[in-house]
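Survey of secondary and tertiary structure
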Amino acid sequence: MKNSKGFTNWVACLCLAVATIFAMGALCPPQAHAQVPARFYWKTLSDANAVPVIFNSISGNTNPFDPAHTPTAGAELDATMVLGGYARTFSLFDRAAMAAILLPMGRISGDITVAGRAYSQSASGFGDPMIEFDINILGPKAQKNIPDLLRYQPGLSIDLLADLAFPIGEYDNKKPLNIGLNRWYGRVGLPIIWQLGPWVPGRRTTLEFLPALWLFGNNNDYVGQTLKTDPMFQVDGHLTRDLTERLWASLDGVWYYGGKATINGVSGDKLNNLGFGLTAGYQINDNLNLTVGYKSTVNDSGAHDVRMDSFTVSLVYGWHQLVEGMRRLKE
Amino acid sequence: MKPNGSIISCPLACRAAPIDGSLRRTRATIRKRANLSPLLMTLWVAVMVAVLAVPAITIAADAPRRPNIVIILADDLGYADMGSFGSEIKTPNLDSLAKDGVRFTNFYTHASCSPTRSMLLSGVDTHLNGLGNMNEMIAPNQRGVPGYEGNLNNRVVTLPQLLKDAGYHTYMVGKWHLGKQPDQIPAARGFERDFSLLDGGGSYWNMMNITAAVPKSLFTEDGRYLTKLPEDYYATKTYTDKLIGYIDANRGDGKPFFAYVAHQAPHDPYHLPREWRKRHDGEYDKGWDAVRQERLKRQVEMGITPAGTELAERMWFVPDPIVLAPASRYILGKKMELYAGMVENMDHHIGRLIEHLKKIGEYENTIFIFFGDNGAEGTDLFGMIAGSPGSRDNLFAAINWSQTHPNAWGDPESWVGYGPMWAQVSMTPFSQFKGWLAEGGIRNGLIVSGPAVQRQKGSINHGLMHVADLMPTLLEVAGATYPKTHEGREVPALMGKSLGPVLAGKADSVRTDQDYLAWEVFGNRAVRQGEWKLRWQIKPFGKGDWELFNLAADPAERKDLAAQHPDKVKAMLAVWESYVKANNVILPNRTLFDTMEKDMPQRVTVYPGFPPLIYQQQFVPPKDMLADPKP
């Protein structure tokens, strides 16, 4: 009945499969002030790699390089921060896992008061590198091959997440405002993805949560004083929706609770703050993803409330040996 | 025609019951006469015994209802796609009909859908009934010729017309594909109630059709063209719901019904509710060769196919799946997963119908006939229509049929067909598929169950049968006769033979070795006579010449015996010529196949294991001979 050359295009089948690899979710390590964008914990093929470059422009009354978000009454800070990093996915006990390392860098400036003394200063340089480990504990198994990848639909997925920052970033003990934090810190969390409806590019909808507990060591040399911070509970939430096959958007929310800071025995208030934002993501090609977003705290009129807003632009370049090989053959 | 309630002969279905009824009445009469003298009493009893001895057919006016008839036609279902024909696809409801009835392995349809439907409903050869060519393919030299109208013409009288005249309710749900004009639609051709898709295919979810020229599917309900579809429309479900409604609406009047359930499933596009899509997840990644071998093994074990049957060779343009990347196998296997889901979903809805008939007490009095309308579909219909970038239909597809992501397969606007490799699986063990006159295009599995079947339940019959046999069979069941004229016109003679003797267990076949079946469509032609088949197909699916096969020894049509048996070829060519003459067969002067040989890969013989290059394994040397390089 027809030209049978077209009965089945075997190569097209393979190309369809390969092209789907990075469309299924971008590798995109944590962004500024300890929030990750929506769709960060979507899974992709094991042994894939990604390099993120994340640009943030942030202002408010807290140091955005410090995930404790300790507010300083009356402070007006502006920061430009870039995070660079590397992430790799792998299979561990047949579960999808990811390890990443991030290095914040940039500058911050503004007026800040610590223990009654006002500082007007700026800081710049490299911050504390952070390593992250994530493993899925409920949901689809690790994607060891392309058929696994093509079958991936998160359904209800839950991961176990652990972050640890190393206090080796730029730090000046004479200044209250620093890029490095001079203390160990990290978090444990449970990233949750709840797929709503079909898993078809252009129609995907998810509800995502990341409840996490941040833990902070002491900074015993904080302008000559000791800074302690209580554990802080943070929940990130995202309602995401594809607008087209390559374009998506999300409504973002974050809640900070706890994290009371104590300086030389003088305690501040614990946090109880909300922030909301919007993010748009675009898959430029099989390797490159772009997101732009804005978020801002909302209940921030009190002197000790966290007040912060930020613009974020991220580019994440991902690759996999298989995709690169296919491209070379195609060329 | 014989109105309902008149003396009706129904030798297949109403064989035993009338005597019981008469006996009950006779006993009551005897009791009333009990005060008569012994002599008179003896005489009276003698008379009544004599009355009881009258053959059942002459007292059928008081007989119980004639059987209901349900023909379920699946669209593009393959011979080997039911569990009871060797498939791994789960069809418990169809299998239950097979278990209650008989499976027929040597049943022929036509190679494409509307020609088969036309013969089913008219009992007359396609070249006389209007489907000498499909509506979509009529050749320039066939235009305007009676028999080549492209719709079921008005020279034939239809099965539903005759059954309606004989007192049956007549219902149709599903795909019609035999004409769209008001005088061609189901209501005009004998169906009292109908919910019908008039087109040959389209979406299962809405009215979207395939081409820019015909963007909208046409539906009728009870003779009216629908402006929209019912809420929650899904073809297979809605057809079943509608039919159940029709049956229930007329239950009270005691008339039997004839239902023609022409499912659109499993014709592509494989539109399927989500919950039916993952029932075979990953099962077909192993590839078509393995599945075909498994099906053949089961067919042999069941007795569907004789032991020693060879599979038809894998078509020369289909690769051995072992050379494909896992991703390709996954994508192609997923198409088959969807197809299997389509079949299982259809089986589920057939099960709903069966259950309903059981619930209302009609199942035992219902004859079920189930088969596919032609071979499984191996052609990329969508690619053929919409595959050329820059074309009108490609643009139409971009707007309406572009849900191409595998996770969208089954949704509205997706179009998936499973391709030639899986069509060959569906047609195990035969060669080729829909559109062609190899066995893979025209042989189908037939199940018949119900009161007309006197053969052993669950048995298998290998007698030679044809779809056109069903009309005379069912007229006989219903006690109706085929007229010589209808509405003042002479009607063509029925081409088929009643399967009554076979169903009754009195014969294994209604055909002798001299009886023949013949086909022509798209210029391809074939004759079957006894165990021999003469076939002419355009290159490269055929040789562009007559080929001869012995189907008893070689059902997969692997060995062309024309050179060895020239006398047989000559004799069968004479049969062919007589068929041409009797049915006014006009070979088309233009077909879609005309450039096929040029466009397709050159045909070569496919030998298992060739070339060894792709089947070789990495050589692993003996461990004791391994060594590091010397410095």
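What you see as residue numbers is a count from 1 along each chain, following the sequence as written. Each chain takes a letter, starting from A, and each ligand takes a number, starting from 1, following the order in which they are written. For this predicted model, a pLDDT threshold of at least 70 governs which residues receive local features, and a threshold of 80 or more governs which side-chain atom pairs are given and counted, while totals over whole chains, interfaces and linings are taken from all residues. To obtain the side-chain values, all non-hydrogen atoms of the structure were included, while hydrogens and water were left out.

1. Description of the overall build of chain B
Counting its regular elements, chain B contains 17 helices and 17 strands. Buried residues are those whose accessible area, probed at 1.4 Å on protein chains only, stays under 20% of the maximum for their type, while exposed residues exceed 50% and partly exposed ones sit between those limits. Looking at the 631 residues of chain B, the share that counts as buried comes to 59%. The contact definition used throughout considers only heavy atoms, calling two residues in contact when any of these lie within 4.5 Å. For chain B, restricting intrachain contacts to residue pairs at least 6 apart in sequence, the fraction spanning at least 24 positions comes to 75%. In the structure as shown, chain B presents an accessible area of about 25,100 Å², 55% of it carried by carbon and sulfur atoms. Counting from the N terminus, the helices are DSSP H or I runs at least four residues long and the strands are E runs at least two residues long. Note on areas: Shrake-Rupley, 1.4 Å probe, and residue coverage restricted to the protein chains presented here.

2. Focus on the confidence of the model for chain A
Residues and elements named next belong to chain A. Confidence in the prediction for chain A averages 87 pLDDT; 89% of positions are at 70 or higher. Known as pLDDT, the predictor's per-residue confidence is scaled from 0 to 100. With pLDDT under 50 throughout, residues 1–7 is counted as low confidence; its partners more than four residues away or in other chains account for 29 contacts. pLDDT under 50 marks residues 20–34. Its contacts with residues more than four places away, or in other chains, come to 79 contacts.

3. Thoughts on the environment of L77 of chain B
Residues and elements named next belong to chain B. Looking at where L77 falls in the secondary structure, it is placed in the loop between β1 (68–74) and α3 (92–100). What makes L77 buried here is its relative accessible area of 0%. Through-space distance from the C-alpha of L77 to that of D373 is 7.2 Å; in sequence the pair is 296 residues apart. Residues within four places of L77 in sequence aside, it is in contact with M82, P266, Y339, V343, M346, F370, G372, N374, A376 and N444.

4. Some words on the sheet that holds strand β10 (residues 219–222) of chain A
Residues and elements named next belong to chain A. Being paired, for any two strands, means DSSP has found at least two bridges between them. In space, the four strands of this open sheet follow the order β10-β11-β14-β15, with antiparallel pairing throughout. Only two strands of the sheet have a single neighbouring strand rather than two, namely β10 and β15 (266–267). Sheet analysis places β10 next to strand β11 (residues 225–229), joined by two bridges and oriented antiparallel. Across the sheet, the residue bridging to N219 is L227, located in β11.

5. Here's the deal with the layout of surface pockets
All names here are of chain B. The distinction between a cavity and a pocket rests on a 1 Å grid over the protein atoms alone: a 1.4 Å probe fits inside a cavity but cannot get out, while a pocket stays open yet meets protein on both sides within 12 Å along at least five of seven lines, and a residue with an atom within 4 Å of a point counts as lining. Grid points are joined across faces, edges and corners, and a volume is the space filled by probe spheres set on the points. Taken as a whole, the second largest pocket encloses approximately 990 Å³ of empty space. Taken together, 39 residues form the lining of the second largest pocket, with E136, M137, H177, T211 and I385 sitting closest to its centre. Breaking the lining of the second largest pocket down by element, the ones donating at least two residues are α10 (381–386) and α11 (392–400). Among the residues forming the lining of the second largest pocket, the class breakdown is 13 nonpolar, 17 polar and nine charged. Side-chain classes follow a simple rule in which Ala, Val, Leu, Ile, Met, Phe, Trp, Tyr, Cys and Pro form the nonpolar group, Asp, Glu, Lys and Arg form the charged group, and the remainder, Gly included, forms the polar group.

6. Section: α11 of chain B
All names here are of chain B. Buried within α11 we find D393, F396, A397 and N400. End-on, the buried residues of α11 take up no more than an arc of 100 degrees, which puts them together on one face. The exposed set on the far side of α11, more than 90 degrees from its buried face, consists of L395 and I399. Contact partners of the buried residues in α11: α10. Picture the helix axis, draw a direction to every C-beta atom, and the arc is the one those directions span.

7. Considerations on the packing of aromatic side chains
Aromatic rings from Phe, Tyr and Trp, with only the six-membered ring used for Trp, were paired whenever their centres fell within 6.5 Å, and each pair was classed as stacked if the ring planes differed by under 30 degrees, edge-to-face if by over 60, and tilted otherwise. The final tally for this structure, using the stated rule, is 46 aromatic pairs over all chains. Between the aromatic rings of Y152 of chain A and W199 of chain A, the centroid separation amounts to 6.1 Å while the plane-to-plane angle is 90 degrees, which identifies the pairing as edge-to-face. Taken together, the residues Y152 of chain A in the loop between α2 (146–151) and β6 (156–165) and W199 of chain A in the loop between β8 (192–195) and β9 (205–216) connect sequence positions 47 residues apart. Like Y152 of chain A, the residue W199 of chain A is buried in the burial classification. When the ring of Y516 of chain B is compared with that of Y579 of chain B, the centres are 6.5 Å apart and the planes differ by 90 degrees; the resulting orientation is edge-to-face. A residue pair is termed long-range when its members are at least 10 positions apart, and Y516 of chain B in strand β14 (residues 516–521) and Y579 of chain B in helix α16 (residues 566–583) qualify at 63 residues. When its relative accessible area of 3% is taken as the criterion, Y579 of chain B is described as buried. An aromatic cluster of three or more residues is present, and its members are W316, F317, F433, W436, F522, F541 and F593 of chain B. Sitting above the plane of the Y363 of chain B ring, K358 of chain B keeps its charged end 4.8 Å from the centroid. A ring is scored as having a charge over it whenever the NZ atom of a lysine or the CZ atom of an arginine sits within 6 Å of its centre and within 35 degrees of its normal. In this structure, R525 of chain B packs its charged tip against the face of W536 of chain B, placed 3.9 Å from the ring centre.

8. Notes on the packing of helix α8 (residues 288–302) of chain B against helix α12 (residues 419–426) of chain B
All names here are of chain B. Relative orientation of the contacting elements α8 and α12 amounts to 10 degrees, with a least axis distance of 9 Å. Our classification of the angle between α8 and α12 gives roughly parallel. Seen from α8, the contacting residues are W288, V291, R292 and R295; seen from α12, they are M421, W422, Q424, V425 and S426. Taken together, the residues of the contact of α8 with α12 break down into five nonpolar, two polar and two charged. An axis is simply a line fitted to the C-alpha atoms; with a helix, the fit covers only the stretch in contact. Between two such axes, the angle follows the N-to-C directions and lies from 0 to 180 degrees. Note on angle classes: values under 35 degrees are labelled roughly parallel, values over 145 roughly antiparallel, values of 65 to 115 roughly perpendicular, and the remainder oblique.

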